[in-house]
Amino acid sequence: MNYRHAFHAGNHADVLKHIVLTRLIALMSRKEQPFAYIDTHAGLGLYDLQGDQATRTGEYLEGVARLWNRDDLPAMAADYLRIIKRLNADGELRYYPGSPELARRLMRQQDRALLNEKHPEDGPLLKENMKKDPRVVVHLGEGWHVPRALLPVQEKRAIMLIDPPFEQADELKRCTTAMKEAISRMRQTVAAIWYPIKDQRSLTRFYQDLTSTGAPKLLRVELYVHHQDSPQGLNGSGLAIANPPWGLEEELRELLPWLAKELAQTAGSFRMDWLIAE
């Protein structure tokens, strides 16, 4: 996978990740108390689906483009699609929001976004994209240092997205280390790791490591667009979510079967279970 997310913006993995993120924010927003949104590997924040990188792969055509003109989406996808529609007010799907932009548009006045992106080109672009919003702070450091550098936060509540490029062989291990550090520094953090699914065997150790993160509870959510051990490449993606807010599991029981059907390429399916039960 290429570090620069523009190649993959809007694909099936983004659809899962971003709908779940919008629900995490919505469920956290039920309480008036502020929260901080923290993104360890934030990317640009906004992507041009008609740009060179996105058109070179065309991955969004099997992702967000399948939902673009639908009027029968589950209620849980409403915030996600509403933001995309606002970005493309002329009715043509061109601009796609990354996690930072989705979070920024869904946060309330009392909330903050703490974003980090180390890529020498993408980091400054992220800063430029976010400069007009005083609730947003952009850091240009190493993403793996973010839990130690930014937690605990003054808000006492936090959502942390850990979403690295997965170019290095040890990044699943580093993800679980980051979650463990986040939980140890602020136990109530809602920490979500996004991860690619290429074959289940490579994930066995990752699942074992997740159970030793110290999270009070940990939900595993996976969406497959191919058979789990297909040689296609990216067969699906998952989210490991520590401290998911109440109501998320119930929502996903409705959302996941629908996504598995609508985003399937050769074979759609899903899995959701508790790696650490409360």
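Rules behind the numbers
Residues numbered from 1 in each chain as written. Predicted model: local features only at pLDDT ≥ 70, side-chain atom pairs only at ≥ 80, totals over all residues. Heavy atoms only, no water. Helix = DSSP H or I, 4+ residues; strand = E, 2+ residues; numbered from the N terminus. Rg over C-alpha atoms; globule rule 2.2 N^0.38 Å. Contact = heavy atoms within 4.5 Å. Areas by Shrake-Rupley, 256 points an atom, 1.4 Å probe, with all protein chains shown as cover. Lys, Arg positive; Asp, Glu negative; His and termini not counted. Charge placed at Lys NZ, Arg CZ, Asp CG, Glu CD. Pairing = 2+ DSSP bridges. Axes fitted to C-alpha atoms, helices over the stretch in contact; angles between N-to-C directions.

Q: Would you mind showing me how to read the overall build of the chain here?
A: Across its full length, the chain carries ten helices and ten strands. For the chain, whose C-alpha radius of gyration is 17 Å, the value lies close to the compact-globule estimate of 19 Å for 278 residues. Along the longest, intermediate and shortest principal axes, the C-alpha atoms of the chain span 45 × 40 × 35 Å. When contacts within the chain are restricted to residue pairs at least 6 apart in sequence, those whose partners lie at least 24 apart make up 76%. Surface summary for the chain: the accessible area is close to 11,900 Å², and the carbon and sulfur share equals 48%. Within the chain, the 37 negative side-chain charges are centred at a point lying 5 Å from the centre of the 37 positive side-chain charges.

Q: Just checking my understanding: could you explain the sheet that holds strand 8 (residues 218-224) for this structure?
A: Whether parallel or antiparallel, the strands of a sheet pair through hydrogen bonds between backbone atoms. Strand order across the open sheet formed by eight strands is 5-4-1-6-7-9-8-10, with mixed pairing between neighbours. Looking at which strands have only one partner, the edges of the open sheet turn out to be strand 5 (136-139) and strand 10 (269-276). With strand direction ignored, the average angle separating the axes of adjacent strands in the sheet is 15 degrees. Examined bridge by bridge, strand 1 (residues 36-39) and strand 6 (residues 158-162) share four bridges and lie parallel to one another. Counted as the bridge partner of Asp39 is Leu161 from strand 6. Packing of helix 5 (residues 99-106) onto the sheet brings it into contact with strand 1, strand 4 (112-116), strand 5 and strand 6, and relative to strand 1 it is tilted by some 175 degrees. Lying over the sheet, helix 10 (residues 248-263) contacts strand 8, strand 9 (236-242) and strand 10, oriented at roughly 150 degrees with respect to strand 10.

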